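Results of the structural survey
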Amino acid sequence: MEWAMSLLLNNPQVIKKAQPLEAKFDVKDIRGSYSFFFRMETGEGREGRRKLVSWGHYIPGVAILTVVMVSAGTDTSVGTMEWAMSLLVNNPQVIKKAQAEIDAHIEKGRLLNESDINKLPYLHCIINETLRLYPASPLLGPHESSEDCVVGGFNVPRGTMLLANIWAVHNDPNLWDEPTKFKPERFEGLQGTRDGFKFMPFGLGRRGCPGEGLAMHVVPLALGALIQCFDWERVGDELVDMSEGLGLTLPKAEPLEAKCRTRSSALNNFSQL
Ligand code: HEM
């Protein structure tokens, strides 16, 4: 990616060369940057076979994909971390339980790493419960029905734009016991980040989030390290304000402020960063 971006910046004529190709595609066909990327990747060869059009056409596709991955991957993961930390400082007993799990599996003086993540089911429960209450993409992406269908008694003609309100599904009292309460334990025993059609923070199907695997490594690793290394508490007696702000990725209305103190068992961990 870095080499491709460097080449692109040093060769602006390559971008220009790709522009006639972009014009060949009907913008209505481009339903997502992924499709755009793959549409650009192949074309008809002289012998009539599908082949890569040319590197000149490929590189802008890589650039677009890079921008999409960075923009789709940062706010979502960072926002999930901020909601999780806010829920934790409002529920100190959950931090204690998570610290006990980490301390039981990782020897004193060693910072947790990627290979430890699968040994920490309670940490995953905290992240799942955060994604249930505050899904980073509450309406998923816009989808389009490929056939006429009936959903919940409503006729949906082919070609209708559909927005799935997963926030409402995740907070539905018919599906969840005390849906507004933060109870990570409700996810005990669940493998992964899907529970049928009632819990789907990364969407599903072929347009589901392609960054799910990465997110479910980065978020547990970062959150786990914060829990392992520090004791956390609220700035004052007031609970952290959990109001939602405006924005596509469900930001907090007020940024989190919290106090932290290094745990004595973690003093050696920082030299491993
Ligand atoms: C906690 C973190 C994340 C959450 C909750 C999340 C959630 C979602 C959701 C719900 C969708 C829409 C799926 C659908 O419409 O069915 C989506 C799409 C997408 N996500 Fe994520 N995501 C996260 C992190 C990431 C990361 C780390 C990356 C990339 C590095 C990423 C890249 C994308 C892309 C490119 C799409 C569009 C896929 C398409 O249109 O086909 N996401 N994400």
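This is a predicted model, so every value here is computed, not measured.

Its sole protein donor being Cys-209 (SG), the iron atom of the ligand sits 2.3 Å from that atom. Structurally, Cys-209 can be placed in the loop between helix H7 (166-170) and helix H8 (212-229).

So, about the site of the ligand. Close to the ligand lie 24 residues, the nearest being Gly-141, His-143, Pro-201, Arg-207 and Cys-209. Within the side chain of His-143, one N or O atom sits 2.7 Å away from an oxygen atom of the ligand. Arg-207 places a side-chain nitrogen or oxygen 2.6 Å from an oxygen atom of the ligand. Secondary-structure elements contributing two or more residues to the shell around the ligand are helix H4 (55-90) and H8. If one sorts the elements of the shell around the ligand by residue count, H4 sits on top with seven residues. Of the residues contributing to the shell around the ligand, the split by class is 13 nonpolar, ten polar and one charged.

Cut-offs used in this document
Residues numbered from 1 in each chain as written. Predicted model: local features only at pLDDT ≥ 70, side-chain atom pairs only at ≥ 80, totals over all residues. Heavy atoms only, no water. Donors = N, O, S within 2.8 Å, 3.2 Å for Na, K, Ca; no water. Helix = DSSP H or I, 4+ residues; strand = E, 2+ residues; numbered from the N terminus. Near = heavy atom within 4 Å. Polar contact = N/O pair within 3.5 Å; in protein donor to acceptor, adjacent residues only side chain to side chain. Nonpolar A, V, L, I, M, F, W, Y, C, P; charged D, E, K, R; others polar.

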